[in-house]
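Listed here are the chains, written in short residue letters.
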Amino acid sequence: MEEKNSVAKELREKLFAQKKNGYHRISAQEEKLAEDFAEGYKKFLNTSKTEREAVQETLKILNENGFVEYKKGMELKAGDRIYRNNRGKSVIMAVIGTAPIEEGVRLCAAHIDSPRLDLKQNPLYEDNGFALFKTHYYGGIKKYQWTAIPLSLHGVVVKADGSKITVNIGEDENDPVFCVTDLLPHLANEQMSQTAGKFIKGENLNILIGSRPFADDEESGTVKLNILNILFEKYGITESDFISSELEAVPAFKAKDLGFDRSMIGGYGHDDRCCSYPALMATVDCKDPVHTVVTVLTDKEEIGSDGNTGLCSSYLKYFIADIAQALGSCGRDVLSASECLSADVNAGFDPTYAEVNDRNNCAYLNKGVCITKYTGARGKSGTSDASAEFAGKIRILMDGNDVIWQTGELGKVDEGGGGTVAMFIANLNVDTIDMGVPVLSMHSPYEVISKLDLYMAYKAFSVFAKD
Ligand code: MN
Ligand code: MN
């Protein structure tokens, strides 16, 4: 019997897929590296709450690490480190490899926009002694999660004279914050009888911004006047300047270690900064690659990737064409030979909501970076479904370099669904697969990830860049 048991144990090890918690597999030395990596990441989260701020922070890191802005026509050679800033909302970076460019590039694509509340173009109004901002939510949110939490305001305003000012209020300890109010439970009988999708209406996501009148007369409009006066004194803006503004309200709280054991990080915007930061750092840390490494941090993923800063636009294709030309090749040949990791998050298994997942095919926190062959909804609609050959190649690469990884799809069949930028890159004739960090409470104001998974994303992207 004992002999049979030991044979079974041996066979299990040989035949069963690896499902162990990553902490049973990671070395103490790597655990320390993961801990250090998380510190840099939390700083990035706190300074990059919007796509514009993420681009600014990225450019700072790139400039400190020898990257230069690439202009079409510049000569290129192996080892060159370049970037292109697309309108301050997306950025592409590259490290030129030693192999001929027609052998393709190693592309990594992550997004830097996150769900939030955007101000409408005519946002400011006064109602019964309060000044408020009208908003239009951006991305897929559960609206009730955005009430009764502190919000900060970020973005830009282009004034009538064409000058542009940058706004960031609510992040500094001494700044005021804002909020969307909610109804007290005592008076919420009617509200609470509605379904969750309806009890906070999109049109009710109004941000409270003031209550002090300008003068002590009884005229209406004096609270609004006072707010406009403050804004004029601080920024020189008038009410019409909102028309040419992009102002985004996001959660005002900072990213922090989560849990007694500090194994996780809670914060706003893990989707998809927990992939974009590792992708950025893997590129920065990549020296003398064989294949040219191209990393794109894109905007507009959360609303379908349309627009000139989203990946349905041609800006990535044009960049590849420009560097291909500089290296004596052409864009389409380069793209056709390229491989891409679409670096985006997946839903982590949550024991409190276990029923939405197929336990054999979902991502778990602490089991490493997650490879997702396809996303989409219903019968695999709206996804690129990577080939077995490419999935095989990536899997072998990860195993060969001791990356702790797992596989998982987004929820049970027909439970819902979602997509990433993978299909837009695959549509350019690039072999593409999704790979990213599992997230709890995705798209909420306070998402949760594991430090181990975050570090394994960095390791995976680094290994891919050097392949
Ligand atoms: Mn995402
Ligand atoms: Mn998302």
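Position labels on residues start from 1 in each chain and follow its written sequence. Think of it this way: whatever chain is written first is A, whatever ligand is written first is 1, and the rest follow in order. Local features in this predicted model are restricted to residues of pLDDT 70 or higher, and side-chain atom pairs are both shown and tallied only at a pLDDT of 80 or more, whereas totals for entire chains, interfaces and linings draw on every residue. With hydrogens and water excluded, all non-hydrogen atoms of the structure serve as input to the side-chain values.

**Some words on the sheet that holds strand S21 (residues 431-436)**
Where we set the bar: Here a strand pair is declared whenever DSSP counts at least two bridges between the two strands. Here a strand is any run of E in DSSP of at least two residues, a helix any run of H or I of at least four, and the numbering for each starts at the N terminus. By the convention used here, residues are in contact when the closest approach between their heavy atoms is within 4.5 Å. Orientation is described by axes fitted as lines to C-alpha atoms, over the contacting stretch for helices, and by angles from 0 to 180 degrees between their N-to-C directions.
Read across the sheet, nine strands follow the order S1-S2-S3-S14-S4-S15-S21-S17-S19 without closing on themselves; strand pairing throughout is mixed. Each having just a single partner strand, strand S1 (68-69) and strand S19 (405-407) make up the two edges of the open sheet. With four bridges joining them, strand S4 (residues 105-111) and strand S15 (residues 339-343) adopt parallel strand pairing. By the bridge assignment, Arg106 is partnered in S15 with Glu339. Along the sheet, helix H7 (residues 270-284) contacts strand S2 (81-86), strand S3 (90-95), S4, strand S14 (292-298), S15 and S21; its crossing angle with S4, the most-contacted strand, is approximately 150°. Strands in contact with helix H8 (residues 315-326) are S2, S3, S4 and S14; relative to S14, the strand with the most contacts, it is inclined by about 155°.

**Side note on the coordination of the manganese ion (ligand 1)**
Which entries qualify depends on this criterion: Atoms are scored as donors when they are N, O or S and lie within 2.8 Å of the metal, with 3.2 Å used for Na, K and Ca; no water is included, so coordination may look incomplete. Summary of the burial criterion: residues with accessible area below 20% of their type's maximum are buried, those above 50% are exposed, and those between are partly exposed, where the area comes from a 1.4 Å probe applied to protein chains only.
With distances of 2.1 to 2.6 Å, the protein atoms coordinating the manganese ion (ligand 1) are His111 (NE2), Asp271 (OD), Asp344 (OD) and Asp344 (OD). Taken in sequence order, the residues that donate to the manganese ion (ligand 1) follow the motif H-x159-D-x72-D. Taken as a pair, the manganese ion (ligand 1) and the manganese ion (ligand 2) show a spacing of 3.3 Å, with Asp271 coordinating each metal. Separated by 233 residues along the polypeptide, His111 in strand S4 and Asp344 in the loop between S15 and strand S16 (346-347) bring together distant segments of the chain. Per residue, the accessibility class of His111 equals that of Asp344, and both read buried.

**Comments concerning the coordination of the manganese ion (ligand 2)**
Listed as protein donors to the manganese ion (ligand 2) are Asp271 (OD), Glu302 (OE), Glu302 (OE) and His443 (NE2); their distances from the metal cover 2.1 to 2.6 Å. All donors of the manganese ion (ligand 2) belong to a single chain; written as a sequence motif, their spacing is D-x30-E-x140-H.

**Side note on the sheet that holds strand S8 (residues 164-169)**
Ordered by their spatial adjacency, seven strands build an open sheet running S8-S7-S11-S5-S6-S10-S9, and the pairing between neighbours is antiparallel. Each end of this open sheet is capped by a strand with a single partner; those strands are S8 and strand S9 (179-180). Strand direction decides the pairing type here: strand S6 (residues 130-138) and strand S10 (residues 207-210), joined by three bridges, are antiparallel. Across the sheet, Ala131 pairs through a bridge with Gly210, a residue of S10. Against the sheet, helix H6 (residues 222-235) makes contact with strand S5 (116-127), S6, S8 and S10, and its axis sits at roughly 125° relative to S5, the strand it touches most.

**Structural notes on the pairing of S4**
The two faces of a sheet get side chains in turn, since along a regular strand they alternate between them. Burial of S4 is extensive: seven of the seven residues sit out of reach of the surface. Burial along S4 is two-sided: Val105, Leu107, Ala109 and His111 facing one way and Arg106, Cys108 and Ala110 facing the other are all buried. As defined by bridge partners, S4 adjoins S14 across seven bridges and the pair is classed as parallel. Each bridged residue has a counterpart across the sheet, and for Ala109 the counterpart in S14 is Val296.

**Considering the nonpolar core**
This is how the line gets drawn: Residues enter a nonpolar core if they are buried and are Ala, Val, Leu, Ile, Met, Phe, Trp, Tyr or Cys, with the set joined through side-chain atoms within 4.5 Å.
Counting residues in hydrophobic clusters, the biggest one holds 63 residues, and the most contacted among them are Leu62, Cys274, Leu280, Ile394, Met398, Met435 and Phe461. In terms of residues, this core owes the most to one element, helix H12 (residues 451-466), which gives eleven residues. Among all residues touching Leu280, those that are not within four sequence positions of it are Phe44, Thr58, Ile61, Leu62, Met93 and Leu297. One finds Ile149, Val180, Ile200 and Ile227 within the second-largest nonpolar core, a separate group that totals 31 residues.

**Some words on the pairing of strand S13 (residues 264-267)**
Two strands pair when backbone bridges link them, and strand S12 (residues 256-258) and S13 are joined in this way by three bridges, in the antiparallel orientation. If you follow Leu258 over to S13, its bridge partner there is Met264. Where S12 folds back onto S13 in an antiparallel hairpin, the turn is made up of five residues, including Gly259, whose phi is positive at roughly 100°. Judged from the four bridges that link them, S13 and strand S23 (residues 447-450) form a sheet pairing that is antiparallel. Bridge pairing links Ile265 to Ile449 in S23.

**Details of the state of the cysteines**
By definition, a disulfide links the sulfur atoms of two cysteines through a covalent bond. Selection rule: We call a pair of cysteine sulfur atoms a disulfide whenever their separation is within 2.5 Å.
Across all of its chains, the model carries zero disulfides by this definition. Here Cys275 stays free of any disulfide, with the sulfur of Cys274 as its closest cysteine sulfur at 4.3 Å. Judged by its relative accessible area of 0%, Cys275 is buried. Unpaired in this structure, Cys330 has its nearest cysteine sulfur neighbour in Cys340, at a distance of 19 Å.

**Section: the side chain of Thr292**
Selection criterion: Pairing of N or O atoms within 3.5 Å defines a polar contact, subject to two protein rules: one partner must be a possible hydrogen donor and the other a possible acceptor, and residues neighboring in sequence count only if both atoms are side-chain atoms.
For Thr292, the location among the structural elements is in strand S14. Take Thr292: its relative accessible area is 1%, and that puts it in the buried class. In this structure the side chain of Thr292 is engaged in a polar contact, spanning 2.9 Å, whose partner is the backbone nitrogen of Gly97. Leaving out residues up to four positions away in the same chain, Thr292 has contacts with Val95, Ile96, Gly97, Ile101, Gly104, Val105, Arg106 and Ile323.

**Remarks on the domain arrangement of the protein**
Going by this rule: Here the bounds of each domain stem from an automatic or database domain assignment. We define buried area as the total accessible area lost by two parts upon association, computed with a 1.4 Å probe and summed across both. Salt bridge, as used here, is a side-chain nitrogen of Lys or Arg placed within 4 Å of a carboxyl oxygen of Asp or Glu.
For the protein, the domain assignment lists domain 1 (15-114 + 268-466) and domain 2 (116-251). Placing a centre on the C-alpha atoms of domain 1 and another on those of domain 2 gives a separation of 33 Å. Taken together, the contact between domain 1 and domain 2 spans 16 residues of the former and 17 residues of the latter. Buried surface at the junction of domain 1 and domain 2, summed over both partners, amounts to about 1,400 Å²; 48% is from carbon and sulfur atoms. Of all residues in domain 1, the largest losses of buried area upon contact with domain 2 belong to Lys49, Arg52 and Pro445, amounting jointly to 34% of the total for that side. Taken together, domain 1 and domain 2 are joined by four salt bridges. A salt bridge links Glu171 to Lys49; the shortest N-O distance between them is 3.0 Å. Counting across the interface, domain 1 meets domain 2 through ten residue pairs in polar contact (both at pLDDT 80 or more).

**Some remarks on the side chain of Asp80**
With respect to the secondary-structure elements, Asp80 resides in the loop between S1 and S2. Judged by relative accessible area, which is 17%, Asp80 ranks as buried. A polar atom in the side chain of Asp80 sits 2.9 Å from the backbone nitrogen of Lys77.

**Considerations on H7**
Using the following cut-off: Helix span, expected: 1.5 Å multiplied by one less than the number of residues in the helix.
With 15 residues, H7 extends 20 Å from end C-alpha to end C-alpha; this agrees with the ideal 21 Å at 1.5 Å per step. Counting buried positions along H7 yields 15 of 15 residues, so the element is predominantly enclosed.

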